[in-house]
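# Chains, contacts and geometry: an overview
Residues per chain are reported as follows:
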Amino acid sequence: MAIFLVRMSPIIGVALASWAHEVDQGSWVVAFLATLLLQIWFYWTSKRCSNEQFGYTKGLFLIGAAMSTGWSYLDLVFVTVALVVAQIVSLFIGLMPSAPATYCRLVHLFYRHRMEQ
């Protein structure tokens, strides 16, 4: 759910705004193009932050597992927020020269501060 929220946020934002007032067609086109660019940026980031031993998606799964408490309602909040933050930070990590090592450090940071029941 958190991955979907971040990667589709421009279209979701315009859809939510369309409930309050009418949104012109240009806004939908801009939101679609922004979502497309965001998808491309995430694909590029996933390739930059992955290596043979540790993939980008595996890191997101580990972050989600580390933030899980076993309580459904708390998990919905903690895991969603943690994954949104991790994805946004990883977009900028992908721009660094040592992206795989830095991404592994980010995942390790979440693991060190994991939620325990």
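Up top you'll find the structure we're talking about.
In this report, we go over the structure that sits alongside the text. (Residues numbered from 1 in each chain as written. Predicted model: local features only at pLDDT ≥ 70, side-chain atom pairs only at ≥ 80, totals over all residues. Heavy atoms only, no water.)

## Focus on the overall build of the protein chain
The helix and strand tally for the protein chain stands at 6 helices and 0 strands. The order of α-helices and β-strands along the protein chain, N terminus first, is α-α-α-α-α-α. Oriented by its inertia axes, the alpha-carbon framework of the protein chain measures out at about 45 × 35 × 15 Å. Buried positions account for 32% of the 117 residues belonging to the protein chain. Partitioning the contacts of the protein chain with sequence separation of at least 6, the portion at a separation of at least 24 is 67%. Here the protein chain carries 7 positive and 5 negative side-chain charges, and the mean point of each set is 17 Å from the other. (Helix = DSSP H or I, 4+ residues; strand = E, 2+ residues; numbered from the N terminus. Buried < 20%, exposed > 50% of the residue type's maximum accessible area, 1.4 Å probe, protein only. Contact = heavy atoms within 4.5 Å. Lys, Arg positive; Asp, Glu negative; His and termini not counted. Charge placed at Lys NZ, Arg CZ, Asp CG, Glu CD.)

## Some remarks on helix 3 (residues 25–49)
The terminal C-alpha atoms of helix 3 lie 36 Å apart, and with 25 residues this matches the ideal 36 Å at 1.5 Å per residue to within 8%. All of the buried residues in helix 3 are Ala31, Thr35, Leu38, Phe42, Thr45, Ser46 and Cys49. For helix 3, the elements touching its buried residues are helix 1 (2–7), helix 2 (9–20), helix 4 (56–66), helix 5 (72–93) and helix 6 (99–112). (Expected span 1.5 Å × (residues − 1).)

## Re the nonpolar core
Of all hydrophobic cores here, the largest spans 21 residues; its most connected members are Ile63, Tyr103 and Phe110. Counting residues per element, the ones that place at least two in this core are helix 1, helix 3, helix 4, helix 5 and helix 6. Looking at this core element by element, the count peaks at 6 residues for helix 5. Not counting chain neighbours up to four residues away, the residues in contact with Tyr103 comprise Cys49, Phe54, Gly55, Tyr56, Gly59, Leu60, Ser90 and Ile93. (Core = buried A, V, L, I, M, F, W, Y, C linked by side-chain atoms within 4.5 Å.)

## Comments concerning the environment of Pro97
For Pro97, the position within the fold is in the loop between helix 5 and helix 6. For Pro97, a relative accessible area of 79% translates into the label exposed. Taking the C-alpha atoms as reference points, Pro97 and Ala66, 31 residues apart in sequence, are found 27 Å from one another.

## With respect to the state of the cysteines
In total, this model carries 0 disulfides according to the counting rule given. Cys49 takes part in no disulfide bond, and the closest cysteine sulfur to it belongs to Cys104, at a distance of 8.9 Å. For Cys104, a relative accessible area of 28% corresponds to the partly exposed category. (Disulfide = S-S within 2.5 Å.)

## Let's talk about a nonpolar patch on the surface
Side chains of Trp71, Leu74, Leu76, Val77, Phe78, Val81, Val85, Val89 and Met115 sit close together on the surface and give an oily, nonpolar patch of about 770 Å² of accessible area. Mapping Leu76 onto the fold places it in helix 5. (Patch = residues over 30% accessible without salt bridge, like charges linked within 9 Å, V, L, I, M, F, W, Y side chains within 5 Å. Areas by Shrake-Rupley, 256 points an atom, 1.4 Å probe, with all protein chains shown as cover. Salt bridge = Lys/Arg side-chain N within 4 Å of Asp/Glu carboxyl O.)

## Side note on the packing of aromatic side chains
Throughout the structure, instances matching the rule amount to 3 aromatic pairs. Residues Phe54 and Tyr103 carry aromatic rings whose centres are separated by 6.3 Å and whose planes lie at 45 degrees to one another, so their mutual orientation is tilted. With Phe54 in the loop between helix 3 and helix 4 and Tyr103 in helix 6, the pair connects residues that are 49 residues apart, well separated along the chain. When the ring of Tyr56 is compared with that of Tyr103, the centres are 5.1 Å apart and the planes differ by 25 degrees; the resulting orientation is stacked. With Tyr56 in helix 4 and Tyr103 in helix 6, this pair connects stretches of sequence that are 47 residues apart. (Phe/Tyr/Trp six-rings, centres within 6.5 Å; stacked < 30°, edge-to-face > 60°.)

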